[in-house]
Amino acid sequence: MIEIHQALSMILERARPRAPERQGLDQALGRVLAEDVINDIDSPPYDKALMDGYAVVASDLRGGRGELMVVDEVAAGDIPCEPLQSGMATRIMTGAPVPRGADAIVVDECCRMDEAGGITTVRIDDRDVRPGQHILGRGRSVRRGETVLQIGRRLSAIDAGLLAEVGRTQVLVHASPRVAVLPTGTELVPACDVPGPGQIRNSNGPMLGALVSSAGGQPVDLGIARDTESELARQMNRGLHEDILILSGGVSAGDFDLVPHVLRDLGVEQVFHGVRLKPGRPLWFGVLPHAKGSRLVFGLPGNPVSGLVCFELFVRPAIAALAALPQVSRPMIAARLSDPFRHTGDRPTYFPVRLEGDRWEGDGDPVQARLLDWKGSADLRTLACADGLALFPAGRSEYALDETVQVMLLERGLFAH
Ligand code: AMP
Ligand code: MG
């Protein structure tokens, strides 16, 4: 058995980013940029009014006051007819181009319009008027030729808007890894079925698929494989076309735990089998050499909670590496135990906890971690109530009330507090 950190570095050594590909904006969301993005035109492309009102020459107004003749009107999308002369004003709407010669916009609230004998005038009282008021000059936001987004950035929804602003509808991004998910076990039936005698529903398939998506991968559902060599080999072969193959079940020491040797028969080289960890000890990891980068194969233990722990510790970082995402692991926070804990065995142990109190950072008391009445690694129901997993390192058996421990936050912990 190897230690958690050794297992992780053996995985990451073998996890190379996928080749960049050109993608449309909708596909590129959440992906990592593999090029710098340069602006093609000044933005805004013209001096732009930021308010509804009148475009004026600021120096025409003494102490902010004056009466000007209204000669034109421009709405967003219009082009001003002619340059504005001193003594004149142009009615202007938000987003419209400011006429040449004008250097300020006076908002409607400071103006009174008058029409008499076919002549329109505007009386202005705006003490604060100054050149540039309520105008965003051409290129003030981004200049042509400027880099707006840099290589290595994970694209957000805001970035999609910015890319559109600078005329980019396609960008070079690292592809999202394709991750095949294959739960194994003769006892498994799909979630839509009512289990017969000796059968249970396949929880791991949907859970692992969702975890893959949350990690930035594209899940590929391979259904369920029964514990026979031929069926396992057939299904695994399909999975080995993808960047990553995640199996669940069949990696312990039982007579029907056939996964490791079927994988070896298919040419997958074992890197390790067994990690000093609870739950999750039977984890298997191997690689299938491939021209486009090795396929990574994870054999997770069948118990759902063991599978989840292994996913968070080892598979999530591997998906991030293939997607060229920064290695951001699940956040760990310090918390004080509300109950004593007895650590049996010699493996680092993750245990589900509820967090109470809301001062997680700063000088206040650390949040409290209450141990849940967890029935072990098959008990997903209790895990669904957990905010996180408290880590009890190996080597100590008694943890007292109020002792500080580290807690890895799960989804509920991230969103509920
Ligand atoms: P195994 O690792 O194959 O020995 O499985 C360990 C335990 O996890 C057994 O009790 C299995 O029935 C259970 N198990 C295996 N696969 C799944 C699955 N996909 N969903 C729910 N439980 C599972
Ligand atoms: Mg099994």
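Here we summarise the structure given alongside this text. (Residues numbered from 1 in each chain as written. Chains lettered and ligands numbered in written order. Predicted model: local features only at pLDDT ≥ 70, side-chain atom pairs only at ≥ 80, totals over all residues. Heavy atoms only, no water.)

## Observations concerning the packing of helix 1 (residues 4-12) against helix 7 (residues 304-322)
- Contact geometry of helix 1 with helix 7 gives a least axis separation of 10 Å together with a crossing angle of 25°. Overall, the two elements helix 1 and helix 7 adopt an arrangement that is roughly parallel. Crossing hand, helix 1 versus helix 7: right-handed. Judged by residue contacts, Ile4, Ala7, Leu8, Ile11 and Leu12 of helix 1 engage Leu313, Phe314, Pro317, Ala318 and Ala321 from helix 7. (Axes fitted to C-alpha atoms, helices over the stretch in contact; angles between N-to-C directions. Helix = DSSP H or I, 4+ residues; strand = E, 2+ residues; numbered from the N terminus. Parallel < 35°, antiparallel > 145°, perpendicular 65-115°, else oblique. Left-handed = near helix turned anticlockwise from the far one by under 90°. Contact = heavy atoms within 4.5 Å.)

## What to know about the pairing of strand 19 (residues 284-288)
- Most of strand 19 is tucked away, with 5 of its 5 residues classed as buried.
- Here strand 19 shows two buried faces, one formed by Trp284, Gly286 and Leu288 and the other by Phe285 and Val287.
- By the bridge criterion, 4 bridges tie strand 18 (residues 269-273) to strand 19 in an arrangement that is antiparallel. Looking at the pairing, Glu269 lines up with Val287 of strand 19.
- Both strand 19 and strand 20 (residues 295-300) contribute to a ladder of 5 bridges, which runs antiparallel. Note on strand 20: the bridge partner recorded for Val287 is Leu296. (Buried < 20%, exposed > 50% of the residue type's maximum accessible area, 1.4 Å probe, protein only. Pairing = 2+ DSSP bridges.)

## Side note on the site of ligand 1
- Looking at ligand 1, there are 16 residues lining it, with Glu187, Asn202, Ser203, Gly250 and Gly302 nearest.
- The separation between a nitrogen atom of ligand 1 and a polar main-chain atom of Ser203 is 3.0 Å.
- Its free accessible area being 480 Å², ligand 1 has 77% of it covered by the protein chains.
- When the residues that make up the shell around ligand 1 are grouped by side-chain class, the tally is 5 nonpolar, 8 polar and 3 charged. (Near = heavy atom within 4 Å. Polar contact = N/O pair within 3.5 Å; in protein donor to acceptor, adjacent residues only side chain to side chain. Areas by Shrake-Rupley, 256 points an atom, 1.4 Å probe, with all protein chains shown as cover. Nonpolar A, V, L, I, M, F, W, Y, C, P; charged D, E, K, R; others polar.)

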